[in-house]
Structures are given as C-alpha cells and as structure tokens.
Number of protein chains: 4
Amino acid sequence: MTETLDPQIAAKMQTSFATQSMMQTMGAELIATGPGTCVIAAEVAPHLRQQQGYSHAALAFAIADSAAGYAALSLMPPEADVLSVEIKINLLSPGSGRLVAEGRVIKPGRRLVIVAADVWAEEPDRPRRHVAVLQGTMIPV
Amino acid sequence: MTETLDPQIAAKMQTSFATQSMMQTMGAELIATGPGTCVIAAEVAPHLRQQQGYSHAALAFAIADSAAGYAALSLMPPEADVLSVEIKINLLSPGSGRLVAEGRVIKPGRRLVIVAADVWAEEPDRPRRHVAVLQGTMIPV
Amino acid sequence: MTETLDPQIAAKMQTSFATQSMMQTMGAELIATGPGTCVIAAEVAPHLRQQQGYSHAALAFAIADSAAGYAALSLMPPEADVLSVEIKINLLSPGSGRLVAEGRVIKPGRRLVIVAADVWAEEPDRPRRHVAVLQGTMIPV
Amino acid sequence: MTETLDPQIAAKMQTSFATQSMMQTMGAELIATGPGTCVIAAEVAPHLRQQQGYSHAALAFAIADSAAGYAALSLMPPEADVLSVEIKINLLSPGSGRLVAEGRVIKPGRRLVIVAADVWAEEPDRPRRHVAVLQGTMIPV
C-alpha cells in the first residue's frame, strides 16, 4: 500500500500509545500505522502466560484490541479519540514466541467503526502461526 | 448457594491460578469458587490503563476470561484442563477502582462448555458499576 | 415485575412488529412487552428447519434479535426506531417444538443499548430446554 | 482458485442444502462450493424484511451461517455433518436487492472449525455494498 498516514494523525497515535500503560506492561511496540491499519507486537514474556506456559488470551486480546482501535483512530478527525464498544476473539492456536497483531478497519463510519484484527505467532525458523482472529466495534468519543 | 466445591477441584483451581503469570501481572486475586462459578478481582493499578486513565479493556477481559475458564473447570473431571475457544466482550462503562469478574457456566458439556461473565467496578462510597459482559466457549483439554 | 410499559410505546412496538414481514414468515408472535423486556415465540414449523430436522439457527436468531431490539426500543423516546449493530449467538442445544425468545436490556444508553436474549424450546410434558444465548448492541436511529 | 471440490463432497453439500427447509423459505441458492468455501445468495424478497423495508438481520445471518457451515463441511470426511456452535455478526449497512454470502474456513480442525463470512448486497447499476461480516465456530457431528 502506497498510501501513507497524515503525519499529524501518526503523531497522535504514537502519543496515545505511549500513554497506554497496559501496552508497556505487555511489552508492546507500535510497529506500523497506515490509513485504516495498525500493527502492534509483543513477546510472550514470562509474566504474560497462562497455566500451560503459553500466552494468556488477554495478551492477544490486548494488542489486537489496541491495533484495531488505532486502525479506527487513523480514519477519524484529528481531535477524536476512540473507545472499544465490543470485541469478539476466536483463539486458533497456542501463542508463543512473538505475537504480532494486525488491525484494520472493515467499515468506517461517523457513529461507529467496524474493525477486525489477526494475531500471528512468530518464532525463529518456523512459519508464522495464526493465533487469533477478532471482530469488533469502535466508537469515536 | 449452599453447594460447595469438591476440595480436590478447589485445590486444582488454586494451583492453576498460581501458575498463570498473567494473573500476577494483573494483580488478580481468586476471590471465590463454587460449582460452576468463580470470582476474580483486580485493582485498576497504574500499569493497567488505557490512554484516558481508565482500565484497559484487556484487564476486564483477562480476569473475566480466567473467571469463566475456572467456572468451567470446576465442573470438569479432576484430571481435565480447559482452554478458551472464543470470547465476546461488550464494554459498558469505563473501569476504575477495583474490578470484580464473576464467571459462571451457562451450559456444561463433555465437548464444549458455554460460559458467561460480568465485570463490576467497585469504588468507596459509590454503588458498583457494570463495566463489561462476556459470553464465550471453553473446551476441555 | 409490576412495572408496565407506556401504552404509546407498547402500541408502537405492536405496529413495528406487524410491519416486519420476516416475523410473519417465521410464524412469530409478540407475546409480552415490558420496560426493557420483550418476549417473542415461534413454532419450529416444517419450513424453518436445518438438514437434521431441527430449527435452523436463523430461527432462534430471528426471534431473539427482534426480542432484543424491541426490549431496547421500549426504553427509547416515542419517536425513535432501533437497528441491530451486532449480535453474538451461542447455540446450546437443538431446537424443536416451540421456541420462546426473551430479550432484555443490559445497559440502556443514548448512543448505544447493550442487550441480551435467551431462547428456550418448549415441548409438551418436558421441561423447557435452553437453546441459545445472545449478546448484542442496538443503535437508535 | 483452481482447486476443485471432491465430487462426492460436493454432492453431499447439494443434498444437505436441499433438505434445509429454511433455505427454501429464504429463497436461497447454493451458488458455488470449493475446498473451504461456499457461496449462497438470496433476494431480499417481500417476506424477508424488517420494519423499514430492508432485509431482516436474520436473512443475512441465515445465508451466511449456512455458507460458513458448508465451507466447514467441505473440509470434513465424507460421513461427517456439521453444526454451528456460535456466530458473531456485525451489520454494516441496510440490505436490499440481492444478498450474497461468501463463507470460508479460517482454521480447520478435527474438534472445531473456525469460519468467517461476508455478506454483500447487489443491485443493478450500483457497486455491491458490504452488508455484514460474521465470525464463528462449527463442530463436526
């Protein structure tokens, strides 16, 4: 995609991301932003696991929810902020290594923005695995 | 409810909870367990917030997903473990103070267990607020 | 519940229901309305089935979506109408006999209304069975 | 896609579709099947509408649920049948004209199959509109 994001919007997303303390707690990085898209990644660090040693569902949820939210924010006016109304997550396989959440806007709108996200697990010398799919609704505030 | 949980199952839940490092990261406590129910609580600590200072959606998701999962586990054979297949969360109001997630089984089953959870925000001298509702599916493994 | 619905709102719901041709196609009846609640029922007639002879998931969805929508409408101003934003349905057991959908408002709101519904199957001389649970979002228009 | 479906599986899908009386009630046609995909279409006929004259959400749900179910069935052994466990639908715009539901498998599995579907509205001389997105879970039986 050759489209690029307005620098003012991109800066707003960076600032917002930096103020989400949950993102730091998850060790999350804002990898890429575009018009209607956002990528956030995090290692499955030792403090983010469930009882079997894989990533807790809340890690995939956290980075995918934020990636989908910033994808929505990228299409809103500069003064807008965004909140999650609802999110559905299907967990496809256990998460380990590094999780990469790719958020995107399915349908923008003035009153509601419909979003989706995929989460992939990346590990050295292995093809990436599909860990989760999400579908949800964001609201401008 | 006067029903109580089999002590062996209750002990298994406590042990499993203690091995979920994400629960420690969230500052979560296992408050109560019963047959088909589980309550988990966590403060909206400074490291668990979104860009406006409220609880990140992933905090409500994390404790509610685990509460629903343990509610399902409480009705399974002693040797079973449980994984989340899918969860839908609706966010009702901003979370602050202390979040309490009440998980319950809607329909037990050998192949799948359908679960639900409510998340409430508790603050001193205020009625508790309904922060989130969840509906999902757990699978024995 | 001793609360009753404003007669003007109740009449609006009856009129709206009568104009939903899908409700007639499903043989659905508006059984009861209250402030924040609505009950709609339909027989699992021969033209509403899936490949095994049970009710198609779309029948439970149809009456539960409408029941939840009217539950939301009952709490809105007289001039408002309502549309479904999103619905999640978990199917709990095969539907046969007569399906009864009980819709209710979880959280009213000016911009969005969060709703839920349960669908039960009733057959002579048997306890009713829980067929489906739904959770969703309605928007005033 | 040059892959084609095993003729035995394709015939099983046709037979199953013909026994779903709800599909006839919806005026639905099985348009195309492939390995992990299925397309079903239906006119927004006068008997399938909501109170504003657009397609009832249950029409999009019905054809998308079946399209997703047959997409799952296409990847199962010849003797298998499939049931919907849960489906989440987001409604994107009002449905009119002819609805086309494209179902696909996101992740196949022996115990569960994760599926998705998109529903489009087609009208003469207009670009097709995105009416709904769905994400759900099917189980072999």
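Above: the structure in question.
Reading guide: rules and limits
Residues numbered from 1 in each chain as written. Chains lettered and ligands numbered in written order. Predicted model: local features only at pLDDT ≥ 70, side-chain atom pairs only at ≥ 80, totals over all residues. Pairing = 2+ DSSP bridges. Helix = DSSP H or I, 4+ residues; strand = E, 2+ residues; numbered from the N terminus. Axes fitted to C-alpha atoms, helices over the stretch in contact; angles between N-to-C directions. Contact = placed C-beta atoms within 7 Å. Expected span 1.5 Å × (residues − 1). Buried ≥ 20, exposed ≤ 12 C-beta atoms within 10 Å, placed from the backbone. Arc of directions from axis to C-beta. Least-squares fit on C-alpha atoms with pLDDT ≥ 70 in both.

1. Remarks on the sheet that holds strand β2 (residues 37-43) of chain B
Point 1. The sheet built from 12 strands is open, its strands ordered β1(A)-β2(A)-β4(A)-β5(A)-β6(A)-β3(A)-β3(B)-β6(B)-β5(B)-β4(B)-β2(B)-β1(B) with antiparallel pairing. Each edge of the open sheet carries a strand with a single partner, namely β1 (29-34) of chain A together with β1 (29-34) of chain B. Neighbour to neighbour, the strand axes of the sheet diverge by 20° on average, direction disregarded.
Point 2. As defined by bridge partners, strand β3 (residues 82-91) of chain A adjoins strand β3 (residues 82-91) of chain B across five bridges and the pair is classed as antiparallel. What sits directly across from N90(A), in β3(B), is E86(B).
Point 3. Packing against the sheet, helix α3 (residues 57-73) of chain A makes contact with β1, β2 (37-43), β3, β4 (98-107), β5 (113-122) and β6 (129-140) of chain A together with β3 of chain B, and its axis sits at approximately 40° to β4(A).

2. Remarks on helix α3 (residues 57-73) of chain C
Point 1. In this model α3(C) runs 24 Å from its N-terminal to its C-terminal C-alpha over 17 residues, within 8% of the 24 Å that 1.5 Å per residue would give.
Point 2. Of all 17 residues in α3(C), 17 are buried; the element is thus mostly enclosed.

3. Section: helix α1 (residues 7-19) of chain A
All names here are of chain A.
Point 1. The first and last C-alpha atoms of α1 sit 19 Å apart over 13 residues, in line with the 18 Å expected at 1.5 Å per residue.
Point 2. What α1 keeps buried is the set K12, S16 and F17. When α1 is viewed along its axis, its buried side chains cluster within an angular range of 130° and face the same direction. What points out from α1, more than 90 degrees from its buried face, is the exposed set P7, A11, Q14, T15 and A18.
Point 3. Residues of α1 that are buried sit in contact with α2 (21-25) and β1.

4. Regarding unusual backbone geometry
Residue and element names in this part refer to chain A.
Point 1. In this model, D125 sits at a positive phi of 65°, which is unusual for a non-glycine residue.
Point 2. Locating D125 in the fold gives a position in the loop between β5 and β6.
Point 3. For D125, a count of 4 C-beta atoms within 10 Å translates into the label exposed.

5. Some details on the relation of the copies chain A and chain B
Point 1. Rotating chain A by 180° and moving it 0.0 Å along the rotation axis overlays it on chain B with an RMSD of 0.0 Å. Such a combination of turn and shift is consistent with a two-fold rotation axis. Among all residues of chain A, the one whose C-alpha sits closest to the rotation axis is K88(A), at a distance of 2.1 Å.
Point 2. Interface residue correspondence from chain A to chain B reaches 100%, placing this contact among same-surface, isologous pairings.

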